[in-house]
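# Overview (structure and organization)
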Amino acid sequence: MTPASFLRSALEDAIKQVDTNHYSHPRGRLRLRNALSEYLSPTLSSSLGRKLDPASEIVVTAGADEGIHAFFTAFLNEGDEVILFEPFFDQYIANVKYNGGTPIFVPLHPPPRCSSTTVPASEWKIDMDEFRDAITGRTKAIILNNPHNPVGKIFSEEELREIGKVAEEFNLLILSDEVYDCLALNDEKFTRIAAVDDLWKRTVTVGSGGKTFAATGWRIGWCFGPEYLIQPLLSGATRIVFCCNSPCQEAMAVGLEVGMKNGFFDRQRAEYAERLQVVKEGLDELGLPYTIPQGGYFVLVCTDKLNIPDSFEADPIVKGFAADYRTSFFITQTAGVVSIPVSAFHSEAHWGIGEHFVRLSFGKDLQTLSEGMEKLRKLKVYLK
């Protein structure tokens, strides 16, 4: 996927201007913050009842990852604990540890039938008793990823409410990583946890221009939330990068302004859904069960049916890791398709959950995806 032509043109125009080639305000360029307020506020109407204030409730960051890091810079003290739902984006651990925190892991559990049949991502569940048992007197915050990478799950409003009730009971902050918010597929409903009940008051939400516009290399993200949470985050972000790429900020502002008017977001969802369909048909033909994502652009494939010959020797680099590293290496060597071992998104204690899966991405052009699915057919002779 490449950025839309109107976004590329906006970047070319921004580079030709004077002010967009100099430092921007640490909060982010005003045009982008205004555009973000217009774009995001309708999704918060049930909880906020007004537009986001561009001057105090939004800050632009150097990608979503820097926003996450700045959050923990602002709020963690040495020894504070942070709940991470597994599988998790691998940067979370570094973001927490670099700021003196301790990650505490609570797994999403796949449905038992996923080893034999394709399942919807909605069936991956948090055990709420496990969640509550993981909380101690040192717990400071929860990281929620919604839509979820790599599962593709979109948490329902009721699930978000349950998580939020625990956060309220123990007075925890919520960092909601919602970088795939515009990629809810096939009419799936996406709800922000900050839009549920009173949870706005304790939530910082993270977004990504890179994911929104297929321009991850531009490194433009954003955070929004109550002023009393955004101001400390801004202090952290200012010390980390001072300000973000000015031309790309200006182009992202134009992208949002144009995209909200020309149907871009609906078209993009349809394009990703079309790509998902190519992958689903290929996996159905192959005979490997998978998890159907509700959002994002990843598919988890269960590899329990894959019978890897005992004679196959994986690269020594995978020794000491979970079994799915060997599986991914086998798929690459046999079919010429790269996958990610899902145990890489788990703590070692929960490798046993992740090692049954590999992650495929469908954020590619249709021809590449079709060729990839054709290559995967080489695995058919190895299926039980």
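The rules behind these values
- Residues numbered from 1 in each chain as written.
- Predicted model: local features only at pLDDT ≥ 70, side-chain atom pairs only at ≥ 80, totals over all residues.
- Heavy atoms only, no water.
- Salt bridge = Lys/Arg side-chain N within 4 Å of Asp/Glu carboxyl O.
- Helix = DSSP H or I, 4+ residues; strand = E, 2+ residues; numbered from the N terminus.
- Buried < 20%, exposed > 50% of the residue type's maximum accessible area, 1.4 Å probe, protein only.
- Polar contact = N/O pair within 3.5 Å; in protein donor to acceptor, adjacent residues only side chain to side chain.
- Contact = heavy atoms within 4.5 Å.
- Expected span 1.5 Å × (residues − 1).
- Pairing = 2+ DSSP bridges.
- Axes fitted to C-alpha atoms, helices over the stretch in contact; angles between N-to-C directions.

## Comments concerning the pattern of salt bridges
One pass over the full model with this rule turns up 22 salt bridges. Two residues, Glu157 and Lys189, come together in a salt bridge whose shortest N-O distance is 3.7 Å. Remark: Lys189 occurs in the loop between strand 7 (173–177) and strand 8 (203–208) and Glu157 occurs in helix 6 (residues 157–169); sequence separation between them is 32 residues. Under the relative-accessibility criterion, Lys189 is labelled exposed at 61%. Between Asp197 and Arg161 there is a salt bridge, and its shortest N-O distance comes to 2.7 Å. In this pair, Asp197 sits in the loop between strand 7 and strand 8 while Arg161 sits in helix 6, placing the two residues 36 residues apart along the sequence. On the accessibility criterion, Asp197 (46% relative accessible area) is partly exposed. In this structure, a network of salt bridges that share partners links the residues Asp19, Arg29, Arg31, Glu250 and Glu257.

## Focus on the side chain of Ser56
Looking at where Ser56 falls in the secondary structure, it is placed in the loop between helix 2 (30–40) and strand 1 (58–61). The class for Ser56 is buried, based on a relative accessible area of 9%. Of note is the side chain of Ser56, whose polar atom sits 2.9 Å from the side chain of Asp53. Other than its neighbours up to four places away in sequence, Ser56 contacts Arg27, Glu227 and Ile230.

## Brief notes about helix 3 (residues 63–75)
The end-to-end C-alpha distance of helix 3 is 19 Å, a good match for the 18 Å that 13 residues give at a rise of 1.5 Å each. For helix 3, a buried count of 11 out of 13 residues is recorded, marking the element as mostly surrounded by other parts of the structure. Among the residues making up helix 3, those that are buried are Gly63, Ala64, Asp65, Glu66, Gly67, Ile68, His69, Ala70, Phe71, Phe72 and Phe75.

## Details of the sheet that holds strand 1
Within the open sheet, the eight strands sit side by side as 1-9-8-7-6-2-3-5. Their pairing is mixed. The sheet is open, and its two edges are formed by strand 1 and strand 5 (125–126), each paired on a single side. Alignment of strand 7 against strand 8, held across four bridges, turns out to be parallel. Within the sheet, the bridge partner assigned to Ile174 lies in strand 8 and is Thr203. With respect to the sheet, helix 3 is in contact with strand 1, strand 2 (81–86), strand 6 (139–145), strand 7, strand 8 and strand 9 (221–224), its orientation differing from that of strand 7 by roughly 170°.

## Some thoughts on the sheet that holds strand 11 (residues 298–302)
The sheet built from five strands is open, its strands ordered 4-10-11-13-12 with mixed pairing. Looking at strand neighbours, the two that pair on one side only are strand 4 (119–120) and strand 12 (340–341), the edges of this open sheet. With two bridges joining them, strand 10 (residues 290–292) and strand 11 adopt antiparallel strand pairing. If you follow Tyr290 over to strand 11, its bridge partner there is Val301. Strands in contact with helix 11 (residues 323–335) are strand 12 and strand 13 (357–361); relative to strand 13, the strand with the most contacts, it is inclined by about 45°.

## What about the pairing of strand 1?
With burial as the criterion, each face of strand 1 is covered, one bearing Ile58 and Val60 and the other bearing Val59 and Thr61. Direction of pairing for strand 1 relative to strand 9: antiparallel, over a ladder of four bridges. Residue Val60 lies in a different strand from strand 9, and its bridge partner there is Trp222.

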